[in-house]
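Residue-level structural notes
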Amino acid sequence: MNLLNFKKLSATGKGLVSAVIGVAALYATASSAQTLSSNSTGTNNGFYYSFWKDSGNATMTLQAGGRYTSQWTNGTNNWVGGKGWKPGNSTRTVSYSGNYGGSNSQNTYLALYGWTRSPLIEYYVIESYGSYNPATCSGGTDYGSFQSDGATYNVRRCQRVNQPSIDGNSSTFYQYFSVRNPKKGFGNISGTITFANHANFWASKGLTLGAHDYQILATEGYQSTGSSDLTVSEGTSGGGTSSTAATSSSRSSSSVSSTGGGTGSGGSGVTVRARGIAGSEHINLKVGGATVGSWNLTTSYQNYVYSGTASGDIQVQYDNDATGRDVQVDYIQVNGETRQAEDMNYNTALYANGSCGGGGNSELMHCNGVIGFGATTDCFSGTCSGNTGGNTGGGSSSSTGGNTGGGGTTSCSGYVGITFDDGPTSNTTTLTNLLKQNGLTPVTWFNQGNNVASNSSLLATERTVGEVQNHSYTHSHMTSWTYQQVYDELNRTNQAIQNTGAPKPTLFRPPYGETNSTIQQAATALGLKIVTWDVDSQDWNGASAAAIANANNQLQNGQVILMHDGSYTNTNSAIAQIAANLKAKNLCPGRIDPTTGRAVAPSGSTGGGNTGGGTSSSSSSVGGNTGGGTNCKCNWYGTLYPSCQNTASGWGWENSQSCITTSTCNSQSTGGGGLVCN
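Here is a short report on the structure shown in this document. For clarity, every value in this text was computed on a predicted model and none was experimentally measured.

Cut-offs used in this document
Residues numbered from 1 in each chain as written. Predicted model: local features only at pLDDT ≥ 70, side-chain atom pairs only at ≥ 80, totals over all residues. Heavy atoms only, no water. Salt bridge = Lys/Arg side-chain N within 4 Å of Asp/Glu carboxyl O. Helix = DSSP H or I, 4+ residues; strand = E, 2+ residues; numbered from the N terminus. Buried < 20%, exposed > 50% of the residue type's maximum accessible area, 1.4 Å probe, protein only. Disulfide = S-S within 2.5 Å. Pairing = 2+ DSSP bridges. Core = buried A, V, L, I, M, F, W, Y, C linked by side-chain atoms within 4.5 Å. Contact = heavy atoms within 4.5 Å. Axes fitted to C-alpha atoms, helices over the stretch in contact; angles between N-to-C directions. Left-handed = near helix turned anticlockwise from the far one by under 90°. Nonpolar A, V, L, I, M, F, W, Y, C, P; charged D, E, K, R; others polar. Polar contact = N/O pair within 3.5 Å; in protein donor to acceptor, adjacent residues only side chain to side chain.

As for the pattern of salt bridges
Across all of its chains, the model carries 11 salt bridges by this definition. The salt bridge partner of R92 is E234, with a shortest N-O separation of 3.3 Å. On the criterion of sequence distance, the pair formed by R92 in the loop between strand 6 (78-85) and strand 7 (93-101) and E234 in strand 15 (residues 226-234) is long-range, its members being 142 residues apart. We classify R92 as buried; its relative accessible area is 9%. Among the ionic pairs, D330 bridges to R273, the shortest N-O distance being 3.9 Å. Of this pair, D330 sits in strand 21 (residues 327-334) while R273 sits in strand 16 (residues 270-276); the two residues are 57 residues apart in sequence, bridging distant segments of the chain. For D330, a relative accessible area of 1% corresponds to the buried category. Several salt bridges share partner residues, and in doing so they unite K86, R117, D167 and D213 into one network.

Regarding the state of the cysteines
Overall, the coordinates contain two disulfides when judged by the stated rule. Note on cysteine connectivity: C137 is disulfide-linked to C158, with sulfurs 1.8 Å apart. Negative torsions about the S-S bond denote left-handed disulfides, and the value of about 80° found for C137 with C158 makes this one right-handed. One end of the pair, C137, is in the loop between strand 9 (121-129) and strand 10 (141-148); the other, C158, is in strand 11 (residues 151-165), and 21 residues separate them in sequence. Two residues share a disulfide in this structure: C412 and C588, whose sulfurs sit 1.9 Å from each other. Looking down the S-S bond of the C412 and C588 bridge, the torsion is -85°, so its handedness is left-handed.

Overview of the pairing of strand 11
Counting buried positions over the 15 residues of strand 11 gives 11, a clear majority of the element. The antiparallel pairing of strand 10 with strand 11 creates a hairpin that spans two residues between the two strands, and D149 there sits at a positive phi of about 50°. Here strand 11 pairs with strand 12 (residues 168-181) via 11 bridges, running antiparallel. Bridge pairing in strand 12 links Q163 to S171.

Some thoughts on unusual backbone geometry
The residue after S118, namely P119, is reached through a cis peptide bond having omega 5°. In this structure, P119 sits in the loop between strand 8 (108-117) and strand 9. Residue P182 follows N181 across a cis peptide bond; omega there is 5°. Mapped onto the secondary structure, P182 falls in the loop between strand 12 and strand 13 (187-194). Of note in this structure, S472 is not a glycine but carries a positive phi near 80°. Summarising the element assignment, S472 is placed in the loop between strand 30 (466-470) and helix 6 (483-498). Judged by its relative accessible area of 0%, S472 is buried.

Quick word on the nonpolar core
Ranked by internal contacts, the top residues of the largest apolar core, which has 36 residues, are M60, F195, W202, L209 and L217. Among the elements that make up this core, the one with the highest residue count is helix 2 (residues 195-204) (four residues). Setting aside residues up to four positions removed in sequence, L217 forms contacts with Y68, G81, G82, K83, Y96, L110, A111, L112, I193, L230 and V232. Ranked by size, the runner-up nonpolar core spans 30 residues in total, among them V452, I561, M563 and A574.

Here we look at the sheet that holds strand 12
Overall, mixed pairing links the nine strands, which are arranged 2-3-6-14-8-9-12-11-10 in an open sheet. Strand pairing shows two members of the sheet lacking a second neighbour, strand 2 (40-44) and strand 10, which therefore form its edges. Looking at each pair of strands side by side, their axes are set apart by 25° on average, direction ignored. Across the sheet, helix 2 touches strand 8, strand 9, strand 10, strand 11, strand 12 and strand 14 (211-222), and the angle it forms with strand 10 is around 145°.

Some remarks on the environment of V179
Within the secondary structure layout, V179 lies in strand 12. V179 sits in the buried class, given a relative accessible area of 2%. Counting along the chain gives 44 residues from V179 to A135, while the straight-line C-alpha distance between them is 6.3 Å. With residues near it in sequence (within four places) discarded, V179 still touches I126, Y129, N133, P134, A135, T152, Y153 and N154.

Looking at the environment of T429
The residue T429 is located in helix 3 (residues 428-437) in this model. Residues T429 and D565, 136 residues apart in the sequence, show an inter-C-alpha distance of 10.0 Å. The residues contacting T429, other than those within four sequence positions of it, are L458 and T461.

Side note on the packing of helix 8 (residues 545-552) against helix 9 (residues 569-584)
Two measures define how a pair of helices packs: the angle their axes make with one another and the distance between the axes. Interaxial distance between helix 8 and helix 9 falls to 8 Å at its minimum, and their mutual angle equals 40°. Seen along the crossing, helix 8 lies across helix 9 with a hand that is right-handed. Residues A545, I548, A549 and N552 of helix 8 lie in contact with helix 9, whose contacting residues are N570, T571, S573, A574, Q577, I578, N581 and L582. A class-by-class count of the residues in the contact of helix 8 with helix 9 yields six nonpolar, six polar and no charged.

Regarding the side chain of T419
Checked against the element boundaries, T419 lands in strand 28 (residues 414-421). For T419, a relative accessible area of 0% puts it in the buried group. Side chain to side chain, T419 and R509 meet in a polar contact 2.8 Å long. Within the structure, T419 has its side chain in polar contact with the backbone oxygen of I561 (distance 2.4 Å).

Set out below in structure tokens:
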């Protein structure tokens, strides 16, 4: 993978806002909107604000409360601004919502941003970004990653020498970055930042903060065009265990018997954080197919809490759609983790491609339908209470079968995804032999379709040590492509892989990690889960064998690393050390679950209900399509749903209930489920 060399967003000068123009700062107290076009700081409607630019025509408008809007064009070199607090602190939990008008082709950040003194530190918690990923800042040092607010954050420290800061025009200081993975999408956006999690992780790595100066929810742009309309507030922790139900009208069931096959999370319940656009929307919480909670929403985000012990597949259902009504689901909390709505399995209530349930993931619900959040027994983050494994689907069967992937009786405390992009190549046979010799299997190959076509015989070699998945046909930048162009590119790759006798891919890694809603929709239409990575080995960037091995050593349970099959000989040289390091940590190579995109235990059998490492056939865990009857339902990863009669593909909404088409039902990964008829 040859990443483009993007320019870093300049930090030059923005720290001088407080020091240089503090005397002339605008202290707006009126509730009327105030548009800033020159550098200033101050207070507005109870919030501290900061606006800085080095040139050009960026503007920021101070709105009511914690809201601000901004717009800028590429006539501006660098600008940053936002609302927040002065002083900041290390324990504040920040909530935000609104619209972030960036794109993958524009150099921009959305971040919690601030400064401290003694030591002098400039810090960012990056929620979304465009063409430049700050986790790759030049000359920096990586400090691993951690889980917070339903996502992985990659941490990096960089140094600025003789640059402007809040202490003067020529300062030397460190920058701390926590960069969200996956990053938030563009457009309508919301989230929670539990800053204490970042400060504590930084401190554990020796990255200490000093006395806080200001702390804001910032929009930043560098030689780009964009806009934002954001509201910031102090909110409840996205990673916490809030037990306070919303004060709005609630009809939540007080006790519900278990309806699923899994063991649940020991009665920890489910918290749904959501709001309505009109304030008259109604949602249900469904677990294992049964409604266990029911609430009327307000226009502000509230936590709606079900405190029972039901287990199984989790859905948030919107059921009273009308003109002017929409639902925005921020996240749910279950099993000791936060699951963000836009990162989850499916959204049948999203209006896309001209229809309800037209494809794509989002936190928005425009139509009657459901967002699927996986099962109570799932663990997407690898840090769940009572369940750190990869059992997905809500059933009680043990699908792992004890297979550790490397042979023998290795004891595994967790599983990681070992992946190689860009093959097959002339290096594939050598790399495969090294993987076998060192027991570093199974792995996941993300293959280019054109390389498959010219090296088709090598796929059989690859499959002796793992799975073959989709990495596009031509390895192009696709964010400006049309839906049909992306669809054809991915479908052509699927066909090339299947033509070699390999199974149809279930995963897609976009070239350069670039994705948008069009790419997401095309991948979903082809039954592909988009998977990027948690750790970048930097082998494409000339990293040494030792550095590649050290990058692998950062992996935590459930995480995925990016490596390559090609002319990067240092990758080959690192295999033995990678295997030794993982073994020392009791981590084993696993497969990547096509529902969650997380690394889980290799399947012990091809049938999801097999528990003993047997050799069952490829039928689904409930027997697959028996073909003999007309009363059919879809077993969707352990939960039965009605089978669609009229909808052509995907999920649908028929007879006032969610349904799944036959093609989608039968496209589940091995062990997921399938059509059941009697």
